[in-house]
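# Observations on the three-dimensional arrangement
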Amino acid sequence: MGKNDFLTPKAMANRMKAKGLQKLRWYCQMCQKQCRDENGFKCHCMSESHQRQMQVFGQNPTRVVEGYSEEFETTFLDLMRRSHRFSRIAATVVYNEYINDRHHVHMNSTEWATLTEFIKYLGKTGKCKVEETPKGWFITYIDRDSETLFKERLKNKRVKSDLAEEEKQEREIQRQIERASEMFNAGDEVETDVEKKKYEDLSLKSGVKVGFSLGGGIKQAVTTGGQARGESSKHMFEDEDDERGEKRKRSGGDSERRSALDELMREEEKKKERMNRKAYWLFQGITGVVREVIDNYVGEIEMLDSKHVLRVDQEELETVLPQIGGLVKIVNGAYRGSNAKLLGVDTDKFCAKVQIEKGVYEGRVIKSIEYEDICKLA
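From a predicted model like this one, the values you see are computed outputs, not experimental measurements.

## Focus: the overall build of the protein
- Within the protein, the regular secondary structure consists of 8 helices and 15 strands.
- A buried classification covers 27% of the 378 residues belonging to the protein.
- Considering only contacts in the protein between residues 6 or more positions apart, those separated by 24 or more positions represent 46%.
- In the form shown here, the protein has an accessible surface area of approximately 26000 Å², with 52% of it arising from carbon and sulfur atoms.

Right under this line is the structure:
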């Protein structure tokens with residue numbers, strides 16, 4: 001057995017000494033060799049193999065540094081995607097996991113001198129969401145895989161189609177209300193014309209006598225000049241009776257039209273309720289604070305006191321109501337996704353009264369909405 005064989009005591013001792021991480025200043029990235037002390041590193045730098053590698057580096061140093069930088073970035077992001085895909089985590093924690101591999105690309109061989117510079121680079125290029133806190137730099141991986149992007153586009157498309165359908169229904173309801181208003185106005189105009197015509201017929205003209213029946217058939221005439229002409233008051237009262245009957249008929253028709261319009265609006269409300277009633281209700285921005293919603297049922301919640309971020313299923317959460325006059329998010333039901341103002345609370349029926357603040361339903365008052373369908377905005 002030779003003195004440098006794999007199983008010799010010296011070779012085994014060298015491997016035991018080299019186990020784990022050692023000082024970075026005694027590591028040669030070009031040769032990928034870790035030296036144990038300064039003397040060993042000096043001897044390595046004087047070796048022929050190291051000199052050849054340095055000649056290669058001297059021919060195109062920019063290309064070599066860019067290659068190491070790209071490899072470092074790719075490996076770092078792969079680790080983020082595998083281990084911390086949906087988490088907000090300290091950058092130092094990820095870096096410590098990255099350097100556990102003895103043969104990793106060292107940062108002093110890249111274009112970034114410090115970890116802070118590298119983290120800022122990830123934030124500027126949009127590869128990670130970067131946040132500086134008193135406890136250090138925190139990063140969140142931004143998933144840009146083709147499958148994830150495809151799902152995100154489908155989700156956005158569904159949301160846009162739902163909003164377009166709601167706006168279309170709202171416009172249709174508005175048109176029907178306008179048509180009904182026009183019908184009411186037309187009915188009022190016809191009624192006014194009829195009244196004017198009857199008033200002209202009954203107006204006193206020159207030379208006409210209007211007779212009034214007194215007692216048992218005796219007639220007393222009031223002469224207004226001109227030709228004498230007697231006419232019984234019976235016709236006038238009959239006309240008034242007919243006019244009252246016509247008014248009752250018209251008022252009955254108006255109430256029928258109003259009831260039909262109310263019934264149509266109630267049907268539209270039920271349809272929106274069926275469309276927007278979901279099994280999930282988490283929204284970003286509601287009090288928790290919900291920073292992100294994952295797969296509709298899981299939320300990343302930031303604790304109000306410690307600012308820690310936890311991932312919690314919606315079954316473990318419940319909605320919160322603000323004080324009267326506070327803003328809420330409608331998280332379920334016909335007006336799902338709208339912001340509203342809390343007007344009152346009915347503790348006996350476990351419901352609230354809200355007024356929608358923005359959007360296509362701005363100003364609409366919902367007189368009874370369940371506690372579970374609204375939540376306080378952060």
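Now that the structure has been shown, the text picks up again.
## Description of the packing of aromatic side chains
- This model, assessed by the stated rule, comprises 12 aromatic pairs.
- Judged by centre distance (5.1 Å) and plane angle (40 degrees), the rings of W112 and Y121 are tilted.
- A relative accessible area of 6% means that W112 is categorised as buried.
- Its relative accessible area of 25% is what places Y121 among the partly exposed residues.
- When the ring of F350 is compared with that of Y371, the centres are 6.2 Å apart and the planes differ by 85 degrees; the resulting orientation is edge-to-face. Highlighted residues: F350 in the loop between β12 (339-346) and β13 (351-356) and Y371 in the loop between β14 (365-370) and β15 (374-376), separated in sequence by 21 residues.
- Three or more aromatic residues joined by ring pairs form one cluster here, namely F72, F76, Y95, Y98, W112, F118 and Y121.
- The lysine or arginine in question, R88, covers the ring of F138, its NZ or CZ lying 4.4 Å from the ring centre.

## Brief notes about a negative patch on the surface
- On the surface, a cluster of negative charge is made up of E66, E70, E71 and E111.
- With respect to the helices, strands and loops of the structure, E111 is situated in the loop between α5 (91-98) and α6 (115-124).

## Overview of the sheet that holds strand β5 (residues 136-141)
- Pairing is antiparallel in the open sheet, where 3 strands are placed in the order β3-β5-β4. Edge positions in the sheet fall to β3 (88-90) and β4 (128-133), since each has one partner strand and no second. With direction set aside, neighbouring strand axes in the sheet form an average angle of 30 degrees.
- Where helix α4 (residues 61-83) meets the sheet, it contacts β4 and β5, and its direction lies at approximately 70 degrees from that of β5.

## Concerning the side chain of T110
- By secondary structure assignment, the location of T110 is in the loop between α5 and α6.
- Here M107 takes part through its backbone oxygen, which lies 2.7 Å from a polar atom of the side chain of T110.
- A polar side-chain atom of T110 sits 3.3 Å from the main-chain amide nitrogen of W112.
- Those residues in contact with T110 that sit more than four places away from it in its chain are V65, Y68, S69, F72 and V105.

## Comments concerning the confidence of the model for the protein
- Chain-level pLDDT for the protein is 75 on average; 75% of the residues reach the 70-or-more range.
- Low pLDDT, under 50, characterises residues 202-240; the predicted model gives this stretch 34 contacts beyond four residues in sequence or across chains.

## Some thoughts on α5
- Where α5 is concerned, the buried positions are A91, V94, Y95 and Y98. The buried residues of α5 all sit within an arc of 100 degrees when viewed along its axis, so they share a single face.

## Details of the packing of helix α3 (residues 48-59) against α4
- In contact at an axis separation of 5 Å, α3 and α4 are set at 100 degrees when each is read in the N-to-C sense. Between α3 and α4, the angle falls in the class roughly perpendicular. Judged by residue contacts, F57, G58 and Q59 of α3 engage P61, V64 and V65 from α4.
- Classifying every residue of the contact of α3 with α4 by side-chain character gives 4 nonpolar, 2 polar and no charged.

## Observations regarding the pairing of strand β9 (residues 298-302)
- Most of β9 sits out of view: 4 of its 5 residues are buried.
- Of the pairings in the sheet, the one linking strand β8 (residues 290-294) to β9 comprises 4 bridges and is antiparallel in character. Bridging from a neighbouring strand, V293 pairs with G299 of β9.
- Hairpin connection of β8 to β9: 3 residues between the antiparallel strands, including D295 at a positive phi of 55 degrees.
- Two strands pair when backbone bridges link them, and β9 and strand β10 (residues 309-313) are joined in this way by 5 bridges, in the antiparallel orientation. The partner of I301 across the bridge, within β10, is L310.

What counts and how
- Residues numbered from 1 in each chain as written.
- Predicted model: local features only at pLDDT ≥ 70, side-chain atom pairs only at ≥ 80, totals over all residues.
- Heavy atoms only, no water.
- Helix = DSSP H or I, 4+ residues; strand = E, 2+ residues; numbered from the N terminus.
- Buried < 20%, exposed > 50% of the residue type's maximum accessible area, 1.4 Å probe, protein only.
- Contact = heavy atoms within 4.5 Å.
- Areas by Shrake-Rupley, 256 points an atom, 1.4 Å probe, with all protein chains shown as cover.
- Phe/Tyr/Trp six-rings, centres within 6.5 Å; stacked < 30°, edge-to-face > 60°.
- Lys NZ or Arg CZ within 6 Å of the ring centre and 35° of its normal.
- Patch = residues over 30% accessible without salt bridge, like charges linked within 9 Å, V, L, I, M, F, W, Y side chains within 5 Å.
- Salt bridge = Lys/Arg side-chain N within 4 Å of Asp/Glu carboxyl O.
- Lys, Arg positive; Asp, Glu negative; His and termini not counted.
- Charge placed at Lys NZ, Arg CZ, Asp CG, Glu CD.
- Pairing = 2+ DSSP bridges.
- Axes fitted to C-alpha atoms, helices over the stretch in contact; angles between N-to-C directions.
- Polar contact = N/O pair within 3.5 Å; in protein donor to acceptor, adjacent residues only side chain to side chain.
- pLDDT = per-residue confidence, 0-100.
- Arc of directions from axis to C-beta.
- Parallel < 35°, antiparallel > 145°, perpendicular 65-115°, else oblique.
- Nonpolar A, V, L, I, M, F, W, Y, C, P; charged D, E, K, R; others polar.

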